[in-house]
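Listed below are the residues making up each chain.
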Amino acid sequence: MKVSKLKFNYNFSFLFLWMMILTIPLSLLFKVNVIGIEFSISYIFLALFILVSILSYFFIIHFDFSIFRKKVFLGFILSFLMFSLNSLYNGIEIKYFLFLTTFLASIVTGFLYSEQIQKYFQKQFKGITYVLVLIGLILYYFNIPLFDFESAGSKLYFTNSFGYYRLSSIFLNPNSFAYFLLLYFSIYLYSKKKTIENIMMLFVLLAFILTESRSALSGFLLALIIFNYQYFKQKILLFKLSIFGLLFGFVFLLTFTSDSLLVEYDIRFTKFSIALQYIFESLNYFLLGIPPGIPIEKNGISFSDNMFLYLMLKMGIIPFILFVYGYFYSIFKASKILFKTKNIALKPYALFLVATLPPMFFSNLLLFSPVYILIGLAIGVLEKGVRYEKSINP
């Protein structure tokens, strides 16, 4: 195997991933229509990214089918199959089929990444992050909205107390961009720090703050606590910085939230109550999920802001349990890597996966593209790493 050939092929595949991200705003202008189904052009680049990644591995190294025997993948694939069976009765909802198939494909893609490929990915990921942060800061400074108001919320939701639109770069939703940046912070914490990278990190941190995503902030603080817990005996300064981070987060919430904070949480819990009412309203909803076209709302309030309840509503109980099994099995693996292994190469992906857990309870995290693709890649990378560690440490 020639390293240069491997690097060229994977850099080529990463190009499609970055093109997927850069073409996200085009969905505001037009969408591709295939047999009556509309979708963003960015999904074409996503498909090319996955296809080229898998083919590159197949032709340059060899295809590894062991992923299909992994418990985590079996949980997700069985969930998908059961959801497909339920859809034969309820009706097919293309949006969720697209989500599940690309999510599964991203897990397989991540599983094929060797440590060398992971380094290529991290280097390019940091570069594209800097570009997106620069775009985001420019849009924020000139107060230019780049949002999907039809599906994501009103102008009031995207406006902060200073009259500026929350920073979202080109992601159409500030929360989505904030979740994306969680992977950058995870990579940064475990990388060798250079002066220029430390400076750039400050700009990324500024962009993250300006997204004003409280759910992402909860994940960020959890990441800091976990990272510093491992090292505070040797580096007490980092532990003190994590305490500063907690205080900073508290001030952040006080500064960027309005007097209606408690009311907002009342509404959020009202939304949770609506979801539970739908789940237990009928046996069909409980077993098979809610059919497409039925709005999940009551008294003018639509349900959102909890990924687990959302999956339960859409999938039905059995596919939901299988999906949650796969997800928390991955979280367990990630926690084990963070606290019980010394493999630094895997820790950024493990930290990112754990950091996305809090937002799962307060947002529809997995419906944000490309965030769910990054989560799938992380799950696959961790599975590959755990298998490798077992082979050298039986």
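How each quantity is defined
- Residues numbered from 1 in each chain as written.
- Predicted model: local features only at pLDDT ≥ 70, side-chain atom pairs only at ≥ 80, totals over all residues.
- Heavy atoms only, no water.
- Helix = DSSP H or I, 4+ residues; strand = E, 2+ residues; numbered from the N terminus.
- Buried < 20%, exposed > 50% of the residue type's maximum accessible area, 1.4 Å probe, protein only.
- Contact = heavy atoms within 4.5 Å.
- Phe/Tyr/Trp six-rings, centres within 6.5 Å; stacked < 30°, edge-to-face > 60°.
- Lys NZ or Arg CZ within 6 Å of the ring centre and 35° of its normal.
- Patch = residues over 30% accessible without salt bridge, like charges linked within 9 Å, V, L, I, M, F, W, Y side chains within 5 Å.
- Areas by Shrake-Rupley, 256 points an atom, 1.4 Å probe, with all protein chains shown as cover.
- Salt bridge = Lys/Arg side-chain N within 4 Å of Asp/Glu carboxyl O.
- Lys, Arg positive; Asp, Glu negative; His and termini not counted.
- Charge placed at Lys NZ, Arg CZ, Asp CG, Glu CD.
- Axes fitted to C-alpha atoms, helices over the stretch in contact; angles between N-to-C directions.
- Left-handed = near helix turned anticlockwise from the far one by under 90°.
- Nonpolar A, V, L, I, M, F, W, Y, C, P; charged D, E, K, R; others polar.

Caption draft 1: The overall build of the chain, seen in detail. Within the chain, the regular secondary structure consists of 18 helices and four strands. Burial status across the chain gives 54% buried among its 394 residues. The long-range fraction of contacts in the chain, counting pairs at least 24 apart against all pairs at least 6 apart in sequence, stands at 75%.

Caption draft 2: Quick peek at the side chain of S369. Residue placement: S369 occurs in the loop between α17 (357-360) and α18 (371-392). Classification of S369 by relative accessible area gives buried; the value is 17%. With residues near it in sequence (within four places) discarded, S369 still touches M20, I24, Y43, F171 and S176.

Caption draft 3: The arrangement of the packing of aromatic side chains in detail. Per the stated rule, a full pass over the model turns up 35 aromatic pairs. Between F83 and F97 the ring centres are 5.3 Å apart and the planes differ by 40 degrees, which places this aromatic pair in the tilted class. With F83 in helix α3 (residues 71-90) and F97 in helix α4 (residues 94-111), this pair connects stretches of sequence that are 14 residues apart. F97 gets classed as buried once you look at its relative accessible area, which sits at 17%. Positioned above the aromatic ring of F111 is the side chain of K384, whose terminal nitrogen or guanidinium carbon lies 5.7 Å from the ring centre.

Caption draft 4: Expanded view of a positive patch on the surface. A surface patch of positive charge is lined by K119, K123, K192 and K194. Relative to the elements of secondary structure, K192 occurs in the loop between α8 (174-189) and α9 (195-211).

Caption draft 5: Geometry of the pattern of salt bridges. The full count for this structure, using the stated rule, is three salt bridges. For K314, the salt bridge goes to E93, with nearest N and O atoms at 3.4 Å. Taken together, the positions of K314 in helix α14 (residues 307-315) and E93 in the loop between α3 and α4 put the pair 221 residues apart, joining distant regions of the chain. Owing to a relative accessible area of 11%, K314 belongs among the buried residues under this scheme. The exposure class of E93 is buried, given its relative accessible area of 18%.

Caption draft 6: Up close: the packing of α14 against helix α15 (residues 317-340). Contact geometry of α14 with α15 gives a least axis separation of 7 Å together with a crossing angle of 145 degrees. Our pair here, α14 against α15, has a crossing hand that is right-handed. Two secondary-structure elements touch here, α14 through F308, L311, M312 and M315 and α15 through I317, P319, F320, F323, V324, Y327 and F328. Split into classes, the residues belonging to the contact of α14 with α15 amount to 11 nonpolar, no polar and no charged.

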